[in-house]
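# Coordinate analysis (summary)
So you can see what is in the structure, the chains are spelled out below.
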Amino acid sequence: MSLHPDRLFPADERTRAIAREIHQRTTDLPLVSPHGHVDPRLMSENQPFPDPARLFVIPDHYLTRMLFSQGVTPDQLGVPSVDGSPSEVDGRTIWRRFAEHYHLFRGTPSKLWLDYTFAEVFGIYKNLNAETADEFYDHLSVRLAEPDYRPRALFDRFNIEVLATTETPIDSLDPHAALAGMAAGNGRRWGGKGGKVITTFRPDNLVEPDWPGWAERVKQLGEITGEDTSTFDGFLAALRARRQDFIAAGATCSDHGNATAGTVDDPVKAAQIFDRAIQGEASYLEMQSFPAHMLIEFARMSVEDGLVMQLHPGSLRNHNEWLYKGWGRDVGGDIPRATEYARSLKPLLDAFGNDPRFRLVLYTLDETTFSREIAPLAGGYAAVFAGAPWWFLDSPEGMMRFREAIHETAGFYNTAGFVDDTRAFCSIPARHDVARRVDAAYLSRLVADHRMTEDEAAEVAVDLAYNLPRKIYGLEK
Amino acid sequence: MSLHPDRLFPADERTRAIAREIHQRTTDLPLVSPHGHVDPRLMSENQPFPDPARLFVIPDHYLTRMLFSQGVTPDQLGVPSVDGSPSEVDGRTIWRRFAEHYHLFRGTPSKLWLDYTFAEVFGIYKNLNAETADEFYDHLSVRLAEPDYRPRALFDRFNIEVLATTETPIDSLDPHAALAGMAAGNGRRWGGKGGKVITTFRPDNLVEPDWPGWAERVKQLGEITGEDTSTFDGFLAALRARRQDFIAAGATCSDHGNATAGTVDDPVKAAQIFDRAIQGEASYLEMQSFPAHMLIEFARMSVEDGLVMQLHPGSLRNHNEWLYKGWGRDVGGDIPRATEYARSLKPLLDAFGNDPRFRLVLYTLDETTFSREIAPLAGGYAAVFAGAPWWFLDSPEGMMRFREAIHETAGFYNTAGFVDDTRAFCSIPARHDVARRVDAAYLSRLVADHRMTEDEAAEVAVDLAYNLPRKIYGLEK
Amino acid sequence: MSLHPDRLFPADERTRAIAREIHQRTTDLPLVSPHGHVDPRLMSENQPFPDPARLFVIPDHYLTRMLFSQGVTPDQLGVPSVDGSPSEVDGRTIWRRFAEHYHLFRGTPSKLWLDYTFAEVFGIYKNLNAETADEFYDHLSVRLAEPDYRPRALFDRFNIEVLATTETPIDSLDPHAALAGMAAGNGRRWGGKGGKVITTFRPDNLVEPDWPGWAERVKQLGEITGEDTSTFDGFLAALRARRQDFIAAGATCSDHGNATAGTVDDPVKAAQIFDRAIQGEASYLEMQSFPAHMLIEFARMSVEDGLVMQLHPGSLRNHNEWLYKGWGRDVGGDIPRATEYARSLKPLLDAFGNDPRFRLVLYTLDETTFSREIAPLAGGYAAVFAGAPWWFLDSPEGMMRFREAIHETAGFYNTAGFVDDTRAFCSIPARHDVARRVDAAYLSRLVADHRMTEDEAAEVAVDLAYNLPRKIYGLEK
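Computed from a prediction, not measured in an experiment: that's the story for all the values here. (Residues numbered from 1 in each chain as written. Chains lettered and ligands numbered in written order. Predicted model: local features only at pLDDT ≥ 70, side-chain atom pairs only at ≥ 80, totals over all residues. Heavy atoms only, no water.)

In this section: the sheet that holds strand S4 (residues 253-256) of chain B. Residues and elements named next belong to chain B. Read from one edge to the other, the open sheet built from four strands follows the order S4-S5-S8-S9, with strand pairing classed as parallel. Looking at which strands have only one partner, the edges of the open sheet turn out to be S4 and strand S9 (384-386). Pairwise comparison of adjacent strand axes, ignoring direction, gives a mean angle of 25° for this sheet. Two strands pair when backbone bridges link them, and strand S5 (residues 308-311) and strand S8 (residues 360-362) are joined in this way by three bridges, in the parallel orientation. (Pairing = 2+ DSSP bridges. Helix = DSSP H or I, 4+ residues; strand = E, 2+ residues; numbered from the N terminus. Axes fitted to C-alpha atoms, helices over the stretch in contact; angles between N-to-C directions.)

Structural data, given as structure tokens:
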């Protein structure tokens, strides 16, 4: 698969030429990755990647869900089962199965990302299919054994300026501490405050009392922080303390995957629910409302400690029961739901929406909210910014619709810039490449029909790719 | 009206040339029509079509509703009234009224279909308007009297491979039996299993207890099948038996026009509601929930007998009270509603969503669900496929938005292919022509901006037009 | 900023040439402005406009909300505060602040409108920024002092045929009476029935019992009309009488900004709620439902007196609490909400939806309703028309999506034509320019891909720009 230099640019020659010029201005900019799910041990341990199937197929639920949807079962793909029942272990067999079905991904972002990665990262310029499967496997395996393909070498080759991982408050920050101990050249360090790899504070598993093991995790948080988390005040104090640990490990953001964007500003009630939940006596509705209470508490903490709040609501988690029972969480079984922001966030925005110390980045899986709620909120509150199109919408068409629907109301400067949101480290350059090309394509249209000058568009392109994410996610220092 | 060979292709010359090449690959493929509303007696009796007004205007609620919306009343168009009050009977007068208002349809799919039909089927290459109305009427009348314009002759000229009609369980299958008795050349028969004209099992009028006459129809089902439909078990047995009759008449699918996509998996409760409904004692909410119970029962039957389930939810039927009271059902008075799939279908998907014996094709009138629910479900469950854009969305812009919103998450191979969904037999080639052109146009864009190769796109175009509907609607055998 | 003659036209040269031809047909047509918020005293008093900041920045909440969203506070922009606390008063200082932030508006409709106004109305062909701020301010100030820049001179220069203002029933109609006394050339008068400036009947502040001061305003209505508004019958009689005053002042329309599109046809219940509300005893739910009752009453009045009903639902008013408390209503703090039309309007449509004496123009802030509800309603009821894309959607991309989503179901002739909906008098030509260009661009695409002929498209363009709004808003006489 050769990568055409004009890929994702408008077909019209006049507009394409403009897109080329705009895009050219962003190609040498470092990658800024303020939100993602790469395992920090990848960087701290810097071990070679495993075989191609374990690197590319098994952990990527974009790929496995498409294969499931066409009848290839998780065990045939080596996805580890919950009960340890046997599944395919041979990397080459899994790879061949994947390659045979690669036509399913025609025209999808997954294929764009993989083809870019095969070509630009691994130097393979062929089409993957049943015939070429082994050739790919062999070529990739050779490369993965080379020192230049270790994670930290790739990190530098990818020109990543900063990469944020995501940890829960009870996760160990040891990998980040290890990284903080490593010099990275030019006076920077691999980890820690201002480091190349930083963490993000994601407390979902501590704010959903009906998530199995919640009380145990709350206790664990107490142990980590030395606070008495059997009371709501102690729980809040522990979270505040733990955020300081995260900040020391470089965190500039928190992240929240609540089911809805609901917020309730009633600390007394929140404390009552917490008490009842700890005692296992909270009702279903109380447990459902607790994350809405906690979102306000976390906003309050953000005003104090400066962590930028990211909100990712609207996913029906583990919708595919068969997948969930057999293979657990995060294997591709989530489905979006209609999501409401304006009324849901009002209590939070009443409290902090215009506070210069607070920043809230809103993401969505429900694109109807782009023009109806997110753009008006981002263009109407000092604290609110529109996050990059997320997950199912992180695609050329989805990104284009995001710009078309957001930009006229909120402008470019109330959008927070691209985040790759990936656990697939090798795909990071590919994802930024798509985002920069789609933004260049959108801007080129505005230039071609004389809504902007080319100079303005080029400046905006650089801001979207580099300056805005650095500024809005607090990465400038 | 001459038909431009590049109609519906992108304007950009580079992309248009690609679209031409892709489209060229599909032009000789037979038409596969797995979902529609043509009257089977049209084929079994093979009588000449009536006059142009009765063929084109009176039964087409796309046309009559547009005319109503501009003040032309149903009686002026000869739509038969509920109480038999007089309406226009002269075909020529109705035709002239229609022609005078033909400008209302500028740029709409109705005009695309009609202009194609006038030109390609009837050889009229003029614009229809007040001046040409009589010329059209005379020309069409002459043609309609010719043997080449009888339904079965047109069927073959249209190159239709298979056409599915839609019947309720209490409808007679005699026309299909008659067709099954007729040889159709090349070893095929006109009707019956594997025939050119097959039926579809559509049980809506038996699952809505508040639809007037329900209990009477349930009784009738008992008489047809010899089952005791006064009990829920007998009712289910009768439906199962009747599905076998439909399968013998060629059916490969069932179809369900429930108000919502709601499903409830609770056969005990379903039986209770059935009993109460038969006795006329069911509450409003019970009656409303019965279709949700039955959808699971029908899925269970599909797993046994292999009928592919089609679901068409989200229409507020007979919204226009004045039309409904005066002219009855299905005359253009329905309005879409916001529709939810992910939570509504969860019970059904928990039970059968990954079952290789089950197949569910989802349609919608609410295009917000394309990217938010239908694509993730089709791309995440083995049993689920995205149906073609339906009704108000069965249009060039609607189809393009469908591809743009569905494809990046679900790919092409989780979409079920085009269905014409029409009772207007003569418009079938026009509708497939539009669909194939729009798909070629979408694919040409992906080729032009280097997301696909032209070879891949051509293969996909053939799959969308022919292979996928045959496979997914069970028409391959 | 020079204005490119091809702005907003498709980039593809073939399509652009078509767009030019279509657009050319509309450039000399008078502007018809059937819905807006210009202060009628502007025209009746014809005083010079104030300084550039007071003309362009302070009253335009599109501009101030964008600046708030980036941390520029209302007091820094001279927005008058509720409690009279001091804010910037120096026009030049405010103007400079605005100019420094003008990059925030890149590619937005606000910038399109302003750049057009600077160039076409005031003859400034530069980019506004920090460097040119003073030059703009000086140039604009000089022009604003000239007689040719008085409101009525601009009105004629803008080629406005008719401009509708918006008044509440208790507003004075004196400015309109004054205008009715002034000859305007060609046998027309500036105001009154058939005048150049007419009013619109907007009773929102009389139908929301929980809007502070409601009972007082109801009393005031009684005083104006001489009716006893302490009873519901008297209240209705007063509204009917006041509508006659508005009709004498040229009104052809009423306008309704209800929170939802809900309607209830139950006059007995409405009277009970009114009585309880007058006595301060109405419940929250009763007060919330009163506008839904009143919408039916106003429709009933429309059937009698012929005022065309406009409905603008779906705004969460004063969502930004900080803005509302500090700077009051209508300063940019509203946020859209999901809006339902089909079930909400059913009682009203059951009563009058097919009545030839009634006309209802539906607007929305929720574009998901374009294809799902508004187009099917406009294309299915004789009385219903789709209003122009409103507020956040009154933008090139928003207008294009409106046409794409509405047109295939409702056609062009069930859309009501453009309304500028502005209080910014000087921006009126700019807004109509954008609308005519976007419609030409949409039509050019339909011509380029052979869905329409160029002749048809040119005729449609003229109808959209001129004939349809005149006809549908009752401005033909």
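Still more to cover.
Attention now goes to the packing of helix H11 (residues 214-225) of chain B against helix H12 (residues 232-248) of chain B. All names here are of chain B. Where H11 meets H12, the closest approach of the two axes is 9 Å, and the angle between their N-to-C directions is 55°. The orientation of H11 with respect to H12, classified from their angle, is oblique. The interaxial crossing formed by H11 with H12 has left-handed handedness. Packed against H11, whose contacting residues are Val218, Leu221, Ile224 and Thr225, the element H12 presents Phe235, Ala238, Leu239, Ala241 and Arg242 at the interface. Residue composition of the contact of H11 with H12, by class: seven nonpolar, one polar and one charged. (Parallel < 35°, antiparallel > 145°, perpendicular 65-115°, else oblique. Left-handed = near helix turned anticlockwise from the far one by under 90°. Contact = heavy atoms within 4.5 Å. Nonpolar A, V, L, I, M, F, W, Y, C, P; charged D, E, K, R; others polar.)

On to the interface of chain B and chain A, then. Taken together, the contact pairs 44 residues of chain B with 45 residues of chain A. Taken over both partners, the interface formed by chain B and chain A buries close to 3600 Å², and the fraction arising from carbon and sulfur atoms is 50%. When the area that chain B buries against chain A is broken down by residue, the three leading residues are B:Arg372, B:Glu408 and B:Arg451, summing to 19%. In this structure, B:Arg445 and A:Glu397 form a salt bridge, with 2.9 Å as the shortest nitrogen-oxygen distance. If you look at where chain B meets chain A, you find 28 residue pairs in polar contact (both at pLDDT 80 or more). (Buried area = accessible area lost by both parts, 1.4 Å probe. Salt bridge = Lys/Arg side-chain N within 4 Å of Asp/Glu carboxyl O. Polar contact = N/O pair within 3.5 Å; in protein donor to acceptor, adjacent residues only side chain to side chain.)

In this section: the packing of aromatic side chains. Following the criterion strictly, the structure yields 96 aromatic pairs over all chains and no others. Considering the side-chain rings of A:Trp391 and A:Phe392, the 5.1 Å spacing of their centres and the 5° angle between planes classify their relative orientation as stacked. Each of the two residues, A:Trp391 as well as A:Phe392, counts as buried. Plain terms: the ring middles of B:Trp95 and B:Tyr137 are 6.3 Å apart, the flat faces sit at 55° to each other, and that makes the pair tilted. Residue B:Trp95 is found in helix H5 (residues 91-100), and its partner B:Tyr137 is found in helix H7 (residues 133-144); the two are separated by 42 residues along the sequence. Judged by relative accessible area, which is 0%, B:Trp95 ranks as buried. Each residue in the set A:Phe56, A:Trp95, A:Phe98, A:Tyr102, A:Phe105, A:Phe118, A:Phe122, A:Phe136, A:Tyr137 and A:Tyr149 is aromatic and connected to the rest through ring pairs, giving one cluster. A cation over a ring is seen here: A:Lys196 above A:Trp190, with NZ or CZ 4.2 Å from the ring centre. In this arrangement the basic side chain of A:Arg431 is found over the ring face of A:Tyr62, its NZ or CZ atom lying 5.7 Å from the centre. (Phe/Tyr/Trp six-rings, centres within 6.5 Å; stacked < 30°, edge-to-face > 60°. Buried < 20%, exposed > 50% of the residue type's maximum accessible area, 1.4 Å probe, protein only. Lys NZ or Arg CZ within 6 Å of the ring centre and 35° of its normal.)

Each copy of the sequence occupies a distinct position, and chain B is placed on chain A by a rotation of 120° and an axial shift of 0.0 Å, giving an RMSD of 0.0 Å. Taken together, the rotation and translation relating the two chain copies correspond to the operation of a three-fold axis. When each C-alpha of chain B is compared by its distance to the rotation axis, B:Asp12 comes out closest, at 3.4 Å. A low fraction, 5%, of the interface residues of chain B reappear at the interface in chain A, so the copies pair through non-equivalent surfaces. (Least-squares fit on C-alpha atoms with pLDDT ≥ 70 in both.)

The next subject is the interface of chain C and chain A. Across the contact, 45 residues belong to chain C and 44 residues belong to chain A. Where chain C abuts chain A, roughly 3600 Å² becomes buried across the two surfaces, and 50% of that area is made up of carbon and sulfur atoms. When the buried surface of chain C facing chain A is broken down by residue, C:Arg106, C:His319 and C:Glu397 rank first, second and third, together holding 20% of it. Here chain C and chain A share seven salt bridges between them. Between A:Glu459 and C:Arg106 there is a salt bridge; the shortest N-O distance is 3.2 Å. For the pair chain C and chain A, the number of links is 28 residue pairs in polar contact (both at pLDDT 80 or more). Secondary-structure elements contributing two or more residues to the side of chain C that touches chain A are helix H1 (13-24), helix H4 (61-68), helix H6 (109-121), helix H15 (321-327), strand S7 (335-336) and helix H18 (396-410) of chain C. Here the side of chain C that touches chain A gets four residues from one element, more than from any other, and that element is H18(C).

Moving on: the domain arrangement of chain A. All names here are of chain A. For chain A, the domain assignment lists domain 1 (13-49 + 150-472) and domain 2 (50-149). A separation of 27 Å is found between the C-alpha centroids of domain 1 and domain 2. The interface is formed by 33 residues belonging to domain 1 together with 30 residues belonging to domain 2. In total, about 2600 Å² of surface goes out of reach between domain 1 and domain 2, with carbon and sulfur atoms giving 65% of it. For the domain 1 face of the interface with domain 2, the top three residues by lost area are Phe49, Arg157 and Trp327, together amounting to 24%. Inspection of the domain 1/domain 2 interface yields zero salt bridges. For the pair domain 1 and domain 2, the number of links is seven residue pairs in polar contact (both at pLDDT 80 or more). Secondary structure elements with two or more residues in the side of domain 1 that touches domain 2: helix H8 (151-157), helix H15 (321-327) and helix H19 (428-448). Looking at the side of domain 1 that touches domain 2 element by element, the count peaks at six residues for H15. Class assignment of the residues belonging to the side of domain 1 that touches domain 2 gives a composition of 19 nonpolar, five polar and nine charged. (Domains from an automatic or database assignment.)

For the pair chain C and chain A, the relating rotation is 120°, the translation along its axis is 0.0 Å, and the fit reaches an RMSD of 0.0 Å. When you check the interface residues of chain C against chain A, a mere 4% turn up at the interface there too, and the two sides of the contact use different surfaces.

Two faces belong to every sheet, and in a regular strand the side chains alternate between them. Residues and elements named next belong to chain B. Across the two faces of S4 the burial is the same, with Cys253 and Asp255 and Ser254 and His256 all buried. Pairing of S4 with S5 involves four bridges; the strand directions are parallel. Bridge pairing in S5 places Cys253 opposite Val308.

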